[in-house]
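# Results of the structural survey
The chain contents come next:
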Amino acid sequence: MQTYKAPLRDMRFVLHELHDSRRILALPGGEELSPELMDSVLEEAAKISEEVLLPLNASGDEEGCHYENGVVRTPKGFKAAYDLFRDAGWTSLACDPAYGGQGLPEIVNKLVEEMSCATNLAFGLYPGLTHGAYLALRDHGSEELKARFLPKMVDGTWSGTMCLTEAHCGTDLGQLRTRAVPQPDGSYRVSGAKIFISAGEHDLTENIVHLVLARMPDAPAGVRGISLFLVPKFLPTTEGAPGARNGVVCTAIEHKMGIRASATCQLTFEDATGWLVGAPNKGLAAMFTMMNSERLSVGIQGLGIAEAAYQSAVAYAKERLQGRSLAGAKRPDLAADPIIVHPDIRRTLLTIRAYAEGCRALAGWVAQALDLMERESDPAAREAAEDFTALMTPVVKALFTDIGFETASLGMQVYGGHGYIRDHGVEQFVRDARIAMLYEGTNGVQALDLVGRKLPAHAGRSLRRFFHPVAAFIEAKKDDAAIGPLVQALAKGFGALQLATAHIAERGQRDAEEAGAAATEYLRLFGLVALGFMWARSAEIAAAKLPAANGDAGFYRTKLATARFYMERILPNAFALLPAIKSGKAAMMALDEADF
Amino acid sequence: MKLLVPVKRVVDYNVKVRVRADGSGVETAGVKMSMNPFDEIAVEEAVRLKEKGVASEVVAVSLGVAACGETIRTALAMGADRGILVETDAELQPLAVAKLLRAIAEREKPGLIILGKQAIDDDMNATGQMLAALLGWPQGTFASKVEIAGETIAVTREIDGGLETVSLSLPAIVTTDLRLNEPRYASLPNIMKARKKPIETLTPAALGVDPAPRLALVTVVEPAKRQAGKKVGSVAELVAKLKTEAKVI
């Protein structure tokens, strides 16, 4: 069974204890917020996720979306759930109060996103896409466009999309062919065909605001000739109501492995009226400003699935009676012991848990940096936060989504054959998790971004935003009585990461293929060390608070035990990556294309 | 008309409660606490009456430790206008609660008090009735429907044989049953606004009430574990066991 209770205690740990929410509250925009308010928001989000979104997850997957004559219908119950979600104001959570938003920090937003991803990934994409479009428009749209469109997107009456991909180009957007022809009134006529447009057409909102990458007639070739346009499904009237139908139609929806309740659309634009967003030919840059937040959100999808997989697997491991404990019957009163008595089942469950909690901690750190980028008044602090998010974005996106799929598979393993059949709902996690490794830039592309752009950025300054705090922590805590052994394990992993980084810097500078050959393993190594750092810090807090914890003692003891599991059973995987990274490109480049 | 809605902070209904090792009660340290679900129904009904224009103000009251303020915030997020917290670390039994609520009712002069029929922690089902007696107001308990017309309220009550409707003159006490309504999800803007709504903090002494327990709790124990069943081979064996072992026939 898909079961889910939002891990509120751990979320509060990440928000207040590990990343000290007061730091955000002390900055401009935080005056009206308090830790108690954040907790109330998380509690209510948990209720909606558990009671409204979760019950539609399996049914939405089973039914999928319906397409007929350009019209897309979402599965039964989605419209009512979206109305409830929107009426309760959840689409406006992290948006600017100037446009009707609630102005809550990103770190709270990402925790709420985790809940919707865990309970109904497909549903969460609809408001998620709108939020991405909101960010791009907020940062680059003209005042007039923002005034016309943002309030409706913030309150969720209208939804948003990102129209990048075309049939012949996804990663390499320089090849795109959609055209935008300027009109005397300052608008543009947009024509072309886009594919893989999530939420491109659906019945949840009265209007859909497409952000479309296209080329102007005199634009330079390649990525330097791409501009961003806003193309609504219905042209708003002067009163702001949806007016005449614009020239954009959905010609088909994709039949997919997972997230079947999310409408993935093919869109055709024919002389559709649109408006330029940002400067001409700077469309990609406009898109990329919201990419850090969006890629973190995709990472959160992996985290949400990991948590959902964990809870479902634990429930089954406690109730499934098979065989006896290797140490003799643990429950002689029952026909057999529950399978959770077995070390291998526990290894599986703890692996998922250690990944999920580690990812939650790391996501909190990066989300806090997103908040600091927006809210800090000190330019040096803003720059530090920008460097850090830029560095960590590919790591979080690729690592978390790899983990989402791996842990969904591990969770299924606990079910044995019962996990493979539909009835228990856990095979859906495997199918739903898989897409997150692909969209918003495949994980291979993320790895290249990390080694090719982020490592060398600002002569290594970005990298130091991560390396320095880790090194300082290890130096300060390596002989700590409570967590010393955990810190020493982290130090070993960090040592491997430093060697790998030096290797890539040296070899990659001479030969870019060398960096490319090491990229995926390097990102994994980086990610495992980052999770290790989060676990060591979590253990430090847990050890300090345990003696006076009273009712929370169980929580902190479990934290410490899971930290130990991570350091002993998961982090060593990182050490093995170093020789692979150092082996270079020779083996994989040796084959002639014809030999494949 | 002003409505008064008492709300109690209890162990969340999802939590599997455990008895403290010393038998002094159930474990509440580190346990998720929430508003008593029957009280949520009471808040919902009060807010609906306000939305219909029948009531002008909804005041949520909670009694107990400082954390009860969070329970009041939940009511404020659902739509109550302001809160009153009577703060005390003392153990509060229904009679003390009813006396404190009477003192508040005398100050606030509400036209109607709506409260849960019972709290899911001790299932006493006593406070509403005691409060009605202390105030000398009519009571409509276990309500599944309420309709206010002028100075009277028609309360449909869930009773053993079905439904019974009583007509009470206001001011009155109504206690809620499960089917009265389905409480709403608090909206995000209302959660934010709830932080700005006023909560007045009082003490039992300020209200002139001595909350000391009148009942002594002897011990709290877990229910006995259910024994495994036995298979019988024949009807005769079953009858014999019912006679000699179960001693029910």
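What counts as what
Residues numbered from 1 in each chain as written. Chains lettered and ligands numbered in written order. Predicted model: local features only at pLDDT ≥ 70, side-chain atom pairs only at ≥ 80, totals over all residues. Heavy atoms only, no water. Helix = DSSP H or I, 4+ residues; strand = E, 2+ residues; numbered from the N terminus. Buried < 20%, exposed > 50% of the residue type's maximum accessible area, 1.4 Å probe, protein only. Contact = heavy atoms within 4.5 Å. Lys, Arg positive; Asp, Glu negative; His and termini not counted. Charge placed at Lys NZ, Arg CZ, Asp CG, Glu CD. Core = buried A, V, L, I, M, F, W, Y, C linked by side-chain atoms within 4.5 Å. Salt bridge = Lys/Arg side-chain N within 4 Å of Asp/Glu carboxyl O. Domains from an automatic or database assignment. Buried area = accessible area lost by both parts, 1.4 Å probe. Phe/Tyr/Trp six-rings, centres within 6.5 Å; stacked < 30°, edge-to-face > 60°. Lys NZ or Arg CZ within 6 Å of the ring centre and 35° of its normal. Expected span 1.5 Å × (residues − 1). Pairing = 2+ DSSP bridges. Axes fitted to C-alpha atoms, helices over the stretch in contact; angles between N-to-C directions. Parallel < 35°, antiparallel > 145°, perpendicular 65-115°, else oblique. Left-handed = near helix turned anticlockwise from the far one by under 90°. Nonpolar A, V, L, I, M, F, W, Y, C, P; charged D, E, K, R; others polar.

## A short note on the overall build of chain B
Counting its regular elements, chain B contains 6 helices and 11 strands. Seen along its three principal axes, the alpha-carbon backbone of chain B occupies a region of about 70 × 40 × 40 Å. Residue burial in chain B is summarised as follows: out of 249 residues, 45% are buried. Excluding contacts between residues fewer than 6 apart, the proportion of contacts in chain B whose partners are at least 24 apart in sequence is 70%. Computing the positive centroid from 33 side-chain charges and the negative centroid from 31, chain B places the two 3 Å apart.

## Details of the nonpolar core
Core analysis: the biggest nonpolar cluster contains 240 residues, and V41, W90, F466, Y522 and F526 of chain A have the highest contact counts within it. V59, V97, L101 and A105 of chain B belong to the second-largest nonpolar core, a separate cluster that totals 23 residues.

## Details of the pattern of salt bridges
All chains considered together, the criterion is met by 65 salt bridges over all chains. D10 of chain A serves as the salt-bridge partner of R360 of chain A, at 2.6 Å between the closest nitrogen and oxygen. Of this pair, R360 of chain A sits in helix α10 (residues 343–375) while D10 of chain A sits in helix α1 (residues 8–18); the two residues are 350 residues apart in sequence, bridging distant segments of the chain. Here R360 of chain A and D10 of chain A have matching classes, each one buried. Its salt-bridge partner being D122 of chain B, residue K8 of chain B comes within 3.6 Å of it at the nearest N-O pair. Within this pair, whereas K8 of chain B is found in the loop between β1 (2–6) and β2 (9–11), its partner D122 of chain B is found in the loop between β6 (112–116) and α4 (127–135), the two being separated by 114 residues in sequence.

## Here we look at the domain arrangement of chain A
Residue and element names in this part refer to chain A. Each assigned domain of chain A is listed with its residue range as follows: domain 1 (158–281), domain 2 (290–441) and domain 3 (442–588). Here the C-alpha centre of domain 2 lies 34 Å away from the C-alpha centre of domain 1. Contacts between the two partners involve 5 residues from domain 1, matched on the other side by 7 residues from domain 2. Where domain 1 abuts domain 2, roughly 570 Å² becomes buried across the two surfaces, and 73% of that area is made up of carbon and sulfur atoms.

## Some words on the packing of aromatic side chains
Residues and elements named next belong to chain A. One pass over the full model with this rule turns up 18 aromatic pairs over all chains. Here F85 and F123 contribute two aromatic rings whose centre-to-centre distance is 5.5 Å and whose plane-to-plane angle is 80°, an arrangement assigned as edge-to-face. In this pair, F85 sits in helix α5 (residues 78–87) while F123 sits in helix α6 (residues 106–140), placing the two residues 38 residues apart along the sequence. Taken together, the ring pairs in this structure connect W365, F388, F466, F467, F473, F494, Y522, F526 and F533 into an aromatic cluster. Over the ring of W275 we find R148, and its NZ or CZ is 4.8 Å from the ring centre. Of note, R434 hangs over the ring of F405, and the distance from its end group to the ring centre comes to 5.2 Å.

## Comments concerning helix α3 (residues 94–108) of chain B
With 15 residues, α3 of chain B extends 20 Å between its outermost C-alpha atoms, agreeing within 8% with the 21 Å of an ideal straight helix rising 1.5 Å per residue. As for α3 of chain B, its buried residues are in contact with β1, β4 (57–64), β5 (82–87), β6 and α4 of chain B.

## Regarding the pairing of strand β3 (residues 158–163) of chain A
Residues and elements named next belong to chain A. With 6 of 6 residues buried, β3 is to be regarded as a mostly interior element. The side-chain alternation of β3 yields two buried faces, one formed by W158, G160 and M162 and the other by S159, T161 and C163. In the sheet, β3 pairs with strand β6 (residues 207–215) via 6 bridges, with the strands oriented parallel. By the bridge assignment for β6, T161 is matched with H210.

## With respect to the interface of chain B and chain A
On the side of chain A, 26 residues touch chain B, which itself brings 16 residues to the contact. Across the interface of chain B and chain A, roughly 1600 Å² is buried in total on both sides, 63% from carbon and sulfur atoms. Salt-bridge contacts for K196 of chain B lead to E32 of chain A; the nearest nitrogen and oxygen are separated by 2.7 Å. Looking at the side of chain B that touches chain A, the element that brings in the most residues is helix α5 (residues 188–194) of chain B, giving 4 residues.

## Topic: the packing of helix α3 (residues 35–53) of chain A against α6 of chain A
Describing two packed helices takes the angle between their axes plus the distance from one axis to the other. Residues and elements named next belong to chain A. Axis separation between α3 and α6 bottoms out at 10 Å; the angle between their running directions is 0°. In terms of their interaxial angle, α3 and α6 are classed as roughly parallel. Facing M38, V41, L42, A45, A46, S49, E50 and L53 of α3, the residues of α6 in contact are V108, L111, V112, M115, S116, T119, N120 and F123.

## Some points on the sheet that holds β1 of chain B
All names here are of chain B. One open sheet accounts for 9 strands, arranged β9-β8-β7-β10-β6-β1-β4-β5-β11; its pairing is mixed. Here the strands that pair on one side only, and so sit at the sheet edges, are β9 (162–169) and β11 (199–202). Each neighbouring strand pair of the sheet contributes to a mean axis angle of 30°, computed without reference to strand direction. Sheet analysis places β1 next to β6, joined by 2 bridges and oriented parallel. Bridging across to β6, L3 finds its partner in L112. Contacts between helix α2 (residues 68–78) and the sheet are confined to β4, β5 and β11, with β5 contributing the most and set at about 165° to the helix. With respect to the sheet, α3 is in contact with β1, β4, β5, β6 and β11, its orientation differing from that of β4 by roughly 150°.

## Observations concerning the packing of helix α14 (residues 461–477) of chain A against helix α16 (residues 512–545) of chain A
Residue and element names in this part refer to chain A. Direction vectors running N to C along α14 and α16 enclose 45°, while the axes themselves pass 11 Å from each other. Our classification of the angle between α14 and α16 gives oblique. The two elements α14 and α16 meet at a crossing, and its hand is left-handed. Facing L463, F466, F467, P469, V470, F473 and K477 of α14, the residues of α16 in contact are Y522, F526, A530, F533, A536, R537 and E540. Residue composition of the contact of α14 with α16, by class: 11 nonpolar, no polar and 3 charged.

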